[in-house]
Amino acid sequence: MKVFCGRANPTTGSVEWLEEDEHYDYHQEIARSSYADMLHDKDRNIKYYQGIRAAVSRVKDRGQKALVLDIGTGTGLLSMMAVTAGADFCYAIEVFKPMADAAVKIVEKNGFSDKIKIINKHSTEVTIGPDGDMPCRANILITELFDTELIGEGALPSYEHAHRHLVQENCEAVPHRATVYAQLVESRRMWSWNKLFPVRVQTGHGEQVIIPPLELERCPGAPSVYDIQLNQVSPTDFTALSDVMPMFSVDFSKQVSSSAACHSRQFEPLASGRAQVVLSWWDIEMDPEGKIKCTMAPFWAHSDPEELQWRDHWMQCVYFLPQEEPVVQGSSLFLLAHHDDYCVWYSLQKTSPEKNGRVSPPRPVCDCQAHLLWTRPRFGEINDQDRTERYVQALRTVLKPDSVCLCVSDGSLLSLLAHHLGAEQVFTIESSAASHRLMKKIFKANHVEDKVHIIEKRPELLTSADLEGEKDLWRIRSPCGNCEGFDVHIMDDMIKRALDFRESKEAEPHPLWEYPCRCLSEPQQILTFDFRHPVPPHPVRAEGSIELRRPGRSHGAVLWMEYHLTPDSTVSTGLLKPPDDKGDCCWNPHCKQAVYFFTSPDCRVPQGGPRTVSYTVEFHPHTGDISMDFTLSDTLEDGC
């Protein structure tokens, strides 16, 4: 039996689906997941532990046995917390078999096998009764089914089923409640991640403007949330049009509904402007009184910014309104939060939805193709006028009146730039049907559909006939060891074994502008590709060493591309300028960088270094795969 597994292409940052055979080892999926980041989240762990202790105490105070249902147990950490807090028995459900097998071993190693039963099923398949998975319903429900959007991992259907079939009425729940917050803002930078702006091109005949088709302007956009580290976004990049508003809450101790719902909040805009974006996050209260709270609030909305917990498994949400709308300071409006069982979206109205009787708008669906083809960072890249200018300057140095241009890039506007700058003929290769349809719309809107020729083929299948005869994030991988007093080395060992597979030597794409980091070395050129020459038929290999001159801990290595458009013009997908004396970095916000994580948590560079890292990098031109291997010489500790 064949299965499809997602892989992030380190070159493009997009997810690609690869076919694996029946012997595929799913432990690699754990190695790539955020399990370690969750276990390193001290704030999360402490709050869960406090909430579990309080829930067990409340049940015991009523003279009842504490029977726990833990849905999505992962390593079994929350169940072990519950038993340590005095629970009589825990039923821990984990549907992913490699993780369930690891949980069995972790529970056994920590001495809880007699109090914790690991059930390798989906929670909706668990049975109750003398011959079932559980002899009776539980009276404490513990879960960690949340993603950055809160409900995107199916929390609502899972809770709905659990209350109907697996737990007692009015059970204790940890967490007890979740609340979703929203803030309406105007932000040209964020809006550029969602809409195509007019692109201005200075030519010998004056300014030419590439305009987006009306269909793109009217499109409500993609239904998916854009989750980012809002703490890395400068406050100067947006204008708050509203205060932070609680939009809706979910009480997990009562029956939960996964049905579609709409929640509205009336507010008066803080300033006049254009409503474009809704910033959103949530918090969870572990107890009924709300004294034990874990919040995802960014620094400007956090009650104690000094205690802000950095985490990668839960971030903050950026939602785009279907269309930007003008707002006037002091003129009352209604912000609406809509959700179904897996997705949240927002809209803005001038009157109360209860009074005007309007039907709740459906979940936004892209009908222009652009949001299906371009990622959010890609939108931002295309809208970057400075980047466009660099390409224009480079094209000016090579274009002649008789130039014939071939643009090899799905969904690129380079073909339009070449046309406006005077190329005699322009061809663009659009290998996917989606990019073909999108570019036809853009060419038609700009009246060049007869001047820029689209070739719907893969580049390697191109023939002269097609040209009409022309020839011319460290913590994610860091071992956990002991977590809140429980031994989870077994998961560390499992991940380490998984990292010996081929994928472990490949880079992972990460948007480093969202992650605080320092360079311990100066940038170093590894490989050079001359696009004027044929693509090498075999893998390109490079070996060498890098000196780590700044003190600190080296958690990984980063690769990126710099495109030399002309001798004087370069576009970087990584560092935009050299690191400063402290090693602080300025990364391209439109691109993801290829990150190789070291398997050791402590590759230290002492004061007065340097230390040397030896590397081997192999690039496979025809697949885009990059495999890397690094060794830290003169190690202070083994295994770096």
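Residues numbered from 1 in each chain as written. Predicted model: local features only at pLDDT ≥ 70, side-chain atom pairs only at ≥ 80, totals over all residues. Heavy atoms only, no water.

> Sorry, what's going on with empty space enclosed by the protein here?
Sizing a probe to match a water molecule and rolling it over the atoms shows the empty space that remains. A volume near 120 Å³ is recorded for the largest cavity. Taken together, 14 residues line the largest cavity, and the ones lying closest to its centre are Ala-222, Tyr-319, Phe-320, Trp-345 and Pro-364. When contributions to the lining of the largest cavity are tallied by element, the ones reaching two or more residues are β17 (316–327) and β19 (344–349). If you tally residues by element for the lining of the largest cavity, the top one is β19, at 3 residues. For the lining of the largest cavity, the residue count by class is 10 nonpolar, 3 polar and 1 charged. (1 Å grid on protein atoms, 1.4 Å probe; cavity = no way out; pocket = protein on both sides within 12 Å on 5 of 7 lines; lining within 4 Å. Points joined across faces, edges and corners; volume = space filled by probe spheres on them. Helix = DSSP H or I, 4+ residues; strand = E, 2+ residues; numbered from the N terminus. Nonpolar A, V, L, I, M, F, W, Y, C, P; charged D, E, K, R; others polar.)

> Is there a simple way to think about the layout of surface pockets in this case?
Its boundaries defined by the atoms lining it, the second largest pocket holds a volume of some 530 Å³. Residue lining of the second largest pocket: 23 residues in total, with Asp-384, Gln-385, Asp-386, Arg-387 and His-590 positioned closest to the centre. At the level of elements, α7 (188–191), β9 (199–203), α11 (376–382), α12 (385–398) and β30 (569–572) are the ones that each hand at least two residues to the lining of the second largest pocket. For the lining of the second largest pocket, the per-class residue count stands at 7 nonpolar, 8 polar and 8 charged.

> Even after reading the chapter, I still don't get the environment of Ala-102, so can you show me in this structure?
Relative to the helices and strands, Ala-102 resides in helix α5 (residues 97–109). A C-alpha to C-alpha distance of 6.7 Å links Ala-102 and Thr-75, two positions 27 residues apart in sequence.

> Which parts of the structure should I look at to understand the sheet that holds strand β7 (residues 167–174)?
Strand-to-strand pairing in sheets goes through backbone hydrogen bonds, with the strands running parallel or antiparallel. Spatial ordering of the open sheet is given by β5-β4-β3-β6-β7, a layout of 5 strands whose pairing is parallel. Edge positions in the sheet fall to β5 (116–119) and β7, since each of these pairs with one other strand and no more. Pairwise comparison of adjacent strand axes, ignoring direction, gives a mean angle of 25° for this sheet. Pairing analysis gives 4 bridges linking strand β6 (residues 138–143) to β7, with the strands arranged parallel. The partner of Ile-140 across the bridge, within β7, is Glu-172. (Pairing = 2+ DSSP bridges. Axes fitted to C-alpha atoms, helices over the stretch in contact; angles between N-to-C directions.)

> Is there a simple way to think about the packing of helix α3 (residues 42–61) against helix α4 (residues 77–84) in this case?
How two helices sit against one another is set out by the angle between their axes and by the gap between those axes. Following both chains from N to C, one finds α3 and α4 inclined at 40°, their axes separated by 9 Å at the closest point. In terms of orientation, α3 and α4 fall into the oblique class. The hand of the α3/α4 crossing is right-handed. Residues Arg-44, Asn-45, Tyr-48, Tyr-49, Ile-52 and Val-56 of α3 pack against Leu-77, Leu-78, Met-81, Ala-82 and Thr-84 of α4. A per-class count over the contact of α3 with α4 returns 8 nonpolar, 2 polar and 1 charged. (Parallel < 35°, antiparallel > 145°, perpendicular 65-115°, else oblique. Left-handed = near helix turned anticlockwise from the far one by under 90°. Contact = heavy atoms within 4.5 Å.)

> Please explain the sheet that holds strand β34 (residues 625–632) as it appears in this structure.
Spatially, β26-β33-β34 is the arrangement adopted by the 3 strands of the open sheet, whose pairing is antiparallel. Lying at the two open borders of the sheet, with one neighbouring strand each, are β26 (540–548) and β34. Averaged over all pairs of adjacent strands, the angle between their axes in this sheet comes to 20°, without regard to strand direction.

> I would appreciate a short explanation of the nonpolar core in the present structure.
Generally speaking, a soluble globular protein has its nonpolar side chains buried in company with each other. Of all hydrophobic cores here, the largest spans 107 residues; its most connected members are Leu-69, Phe-146 and Tyr-346. Looking at this core, the element that brings in the most residues is strand β15 (residues 273–285), giving 7 residues. Here Leu-69 is in contact with Tyr-91, Ile-93, Met-134, Ala-138, Ile-140, Leu-141, Ile-142, Leu-166 and Val-167, once residues within four sequence places are set aside. Counting residues in each nonpolar core, the second largest holds 31 residues, with Val-201, Ile-210, Cys-405 and Ala-418 among its members. (Core = buried A, V, L, I, M, F, W, Y, C linked by side-chain atoms within 4.5 Å. Buried < 20%, exposed > 50% of the residue type's maximum accessible area, 1.4 Å probe, protein only.)

> How should the pairing of β6 be read in this particular structure?
For a regular strand, the rule is simple: side chains alternate between the two faces of the sheet. Most of β6 sits inside the fold, with 6 of its 6 residues counted as buried. Here strand β3 (residues 67–71) pairs with β6 via 4 bridges, running parallel. From the neighbouring strand, Asp-70 faces β6, where its bridge partner is Ile-142. Read from β6 through helix α6 (residues 155–165) to β7, the crossover connection turns out right-handed. (Right-handed = clockwise from strand over helix to strand, strands pointing away.)

> Honestly, the pattern of salt bridges in this entry has me stumped. Any pointers?
It is possible for side chains of opposite charge to pair when their charged atoms get near one another. Enumeration over the complete set of coordinates arrives at 26 salt bridges. Here Arg-164 ties to Glu-160 by a salt bridge, and the two come within 3.6 Å at their closest N and O atoms. Placement of the pair is Arg-164 and Glu-160 together in helix α6, with a separation of 4 residues, close to one helical turn. Judged by relative accessible area, Glu-160 falls into the buried class, the value being 12%. Residues joined in a network through salt bridges with shared partners are Asp-41, Asp-43, Lys-47 and Arg-311. (Salt bridge = Lys/Arg side-chain N within 4 Å of Asp/Glu carboxyl O.)

> What is the right way to read the side chain of Glu-94 from this model?
Within the fold, Glu-94 resides in the loop between β4 (89–93) and α5. No salt bridge is formed by the buried Glu-94; its nearest oppositely charged neighbour, Arg-44, is found at 10 Å. Within the structure, the side chain of Glu-94 is placed 2.8 Å from the backbone nitrogen of Gly-74, a separation counted as a polar contact. (Lys, Arg positive; Asp, Glu negative; His and termini not counted. Polar contact = N/O pair within 3.5 Å; in protein donor to acceptor, adjacent residues only side chain to side chain.)

> Where do I start with unusual backbone geometry in this structure?
Negative phi values dominate among residues other than glycine, just as trans dominates among peptide bonds. The residue after Val-174, namely Pro-175, is reached through a cis peptide bond having omega 0°. As for its position among the elements, Pro-175 is in the loop between β7 and β8 (177–186). With a phi close to 60°, Asn-170 is a non-glycine residue in the positive phi region. Residue class for Asn-170 comes out exposed when judged on its relative accessible area of 59%. Residue Gln-369 is not a glycine yet carries a positive backbone phi of 80°. Its place among the elements puts Gln-369 in the loop between α9 (353–356) and α10 (370–373). Judged by its relative accessible area of 15%, Gln-369 is buried.

> Help me understand the packing of aromatic side chains in this model?
Any pair of aromatic rings gets described here by the distance separating the centres and the angle formed by the planes. With the rule as written, the count across this model stands at 19 aromatic pairs. Judged by centre distance (5.5 Å) and plane angle (85°), the ring pair of Trp-560 and Trp-587 falls under edge-to-face. Here Trp-560 is found in the loop between β28 (556–559) and β29 (562–566), whereas its partner Trp-587 is found in the loop between β30 and β31 (593–597), with 27 residues between them in sequence. Residue classification places Trp-560 among the partly exposed residues on the basis of a relative accessible area of 24%. One aromatic cluster is present, built from ring pairs that chain together Phe-146, Tyr-159, Phe-252, Trp-282 and Trp-314. Of note, Arg-53 hangs over the ring of Tyr-49, and the distance from its end group to the ring centre comes to 3.8 Å. Above the plane of the ring of Trp-513 lies Arg-189, whose end atom (NZ or CZ) is 4.7 Å from the centre. (Phe/Tyr/Trp six-rings, centres within 6.5 Å; stacked < 30°, edge-to-face > 60°. Lys NZ or Arg CZ within 6 Å of the ring centre and 35° of its normal.)

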